[in-house]
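# Observations on the model geometry
So you can see what is in the structure, the chains are spelled out below.
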Amino acid sequence: CMNGTAAEITLGDGLYRKGSRVYAEYAGTLVFREGEYSVIDELVLDKNVDQSSGIIGYSGTIIVNGNVTNKAVIRSGRDVIVHGNVNNCIIEAEKGIFVDGRIIEASFSAKKGNVKGTAFENCTIVSGGGMKASSITNCTVKCVTGIECLDDIGKITGGDIFCAGNINCLVVGSREHTETHISVGDHVEFSVELEDLRKQSVRIDEEITRINAQVNEIREKEKE
């Protein structure tokens, strides 16, 4: 046989090299997209999610092709992606939370990732990474790496905004003199809150494992 040249493989999410071998960080489907290999572990919901859906928990990424409303609760071991609007609900993720539509009266916790959306209004956001939005109105926001509010109107109005990194926006406050509190830099209380968030995520992981086990048991019974 002829000696060949080792193939150059670009690794994406869920894969890592150890010596000459490539290993998966978690179970899932191996896919090749845009020039790189990744492991995809996704739960895709092609519907709206609300209180009647119960607590939705999954160890991988949760993708909702609809709206999340009416006291819904979503808990993910990786990312949460919503291709719709979010209103009056709780979303918790081990990594990031990404929403295409508007976000109103929601509670977001992203332990290790970023929070990204368009317009946030009357929300509570805690992010172990950063936050990106077109507008942030009357929200309580605490994040680590930075806040970027530069797209569209790029406006932060009202609420309490704290970030350990930089905050970049086009407009702060309003002509009506809406009271807006913004703090930048290290803060002891925030560090304590992040540690509590990490402990909470451990409990979330345990609950997700329990829920997934119940789902698998139900599926096995249905097969029988």
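## Comments concerning the overall build of the chain
- Per the secondary structure count, the chain includes one helix and 24 strands.
- A buried classification covers 41% of the 224 residues belonging to the chain.
- Once local pairs closer than 6 in sequence are excluded, the contacts in the chain between residues at least 24 apart make up 13%.
- Roughly 13,000 Å² of accessible area belongs to the chain as shown, and the carbon and sulfur atoms make up 46% of that amount.

## Quick notes on the pattern of salt bridges
- As enumerated under the stated definition, the model contains five salt bridges in all.
- Across the pair Glu121 and Arg102 runs a salt bridge whose closest N-O atoms are separated by 3.3 Å. Of this pair, Glu121 sits in strand E16 (residues 119-121) while Arg102 is found in the loop between strand E12 (97-99) and strand E13 (103-104), placing the two residues 19 residues apart along the sequence.
- For Arg102, a relative accessible area of 40% translates into the label partly exposed.

## Here we look at the packing of aromatic side chains
- Throughout the structure, instances matching the rule amount to three aromatic pairs.
- Between the aromatic rings of Tyr16 and Tyr23, the centroid separation amounts to 5.7 Å while the plane-to-plane angle is 25°, which identifies the pairing as stacked.
- Arranged with centres 4.7 Å apart and planes meeting at 50°, the rings of Phe32 and Tyr37 form a pair that is tilted.

## Points about the side chain of Ser135
- Tracing the sequence through the fold places Ser135 in strand E19 (residues 135-143).
- Setting aside residues no more than four positions away along its own chain, Ser135 makes contact with Thr118, Ala119, Phe120, Cys149, Ile153 and Lys155.

## Some details on the side chain of Thr61
- Within the element layout of this structure, Thr61 appears in strand E7 (residues 61-64).
- When its relative accessible area of 10% is taken as the criterion, Thr61 is described as buried.

## Describing the confidence of the model for the chain
- When the pLDDT values of the chain are averaged, the result is 85; 85% of them are 70 or greater.
- For the chain, helix H1 (residues 188-223) is the element with the lowest average pLDDT, namely 67, and strand E10 (residues 86-87) is the one with the highest, namely 98.

## Here's the deal with unusual backbone geometry
- Positive phi values are uncommon outside glycine, yet Asn88 reaches one of about 55°.
- Note on placement: Asn88 falls in the loop between E10 and strand E11 (90-93).
- Although it is not a glycine, Glu105 adopts a positive phi angle of roughly 55°.
- Within the secondary structure layout, Glu105 lies in the loop between E13 and strand E14 (107-110).

## Thoughts on the nonpolar core
- Judged by nonpolar contacts, the single largest core of 37 residues is most densely connected at Val86, Phe108, Phe120 and Ile136.
- Take this core: its biggest share by element is four residues, from E19.

## Here we look at the sheet that holds E7
- Taking strand neighbours across the sheet as the criterion, the eight strands line up as E5-E7-E9-E12-E15-E18-E20-E22 in an open arrangement whose pairing is parallel. In this open sheet, the two strands that pair with only one neighbour each are strand E5 (42-45) and strand E22 (166-169).
- Note: E12 against strand E15 (residues 115-116), two bridges, orientation parallel. When the bridges of E15 are listed, Ile97 appears paired with Val115.

Rules used in this analysis
Residues numbered from 1 in each chain as written. Predicted model: local features only at pLDDT ≥ 70, side-chain atom pairs only at ≥ 80, totals over all residues. Heavy atoms only, no water. Helix = DSSP H or I, 4+ residues; strand = E, 2+ residues; numbered from the N terminus. Buried < 20%, exposed > 50% of the residue type's maximum accessible area, 1.4 Å probe, protein only. Contact = heavy atoms within 4.5 Å. Areas by Shrake-Rupley, 256 points an atom, 1.4 Å probe, with all protein chains shown as cover. Salt bridge = Lys/Arg side-chain N within 4 Å of Asp/Glu carboxyl O. Phe/Tyr/Trp six-rings, centres within 6.5 Å; stacked < 30°, edge-to-face > 60°. pLDDT = per-residue confidence, 0-100. Core = buried A, V, L, I, M, F, W, Y, C linked by side-chain atoms within 4.5 Å. Pairing = 2+ DSSP bridges.

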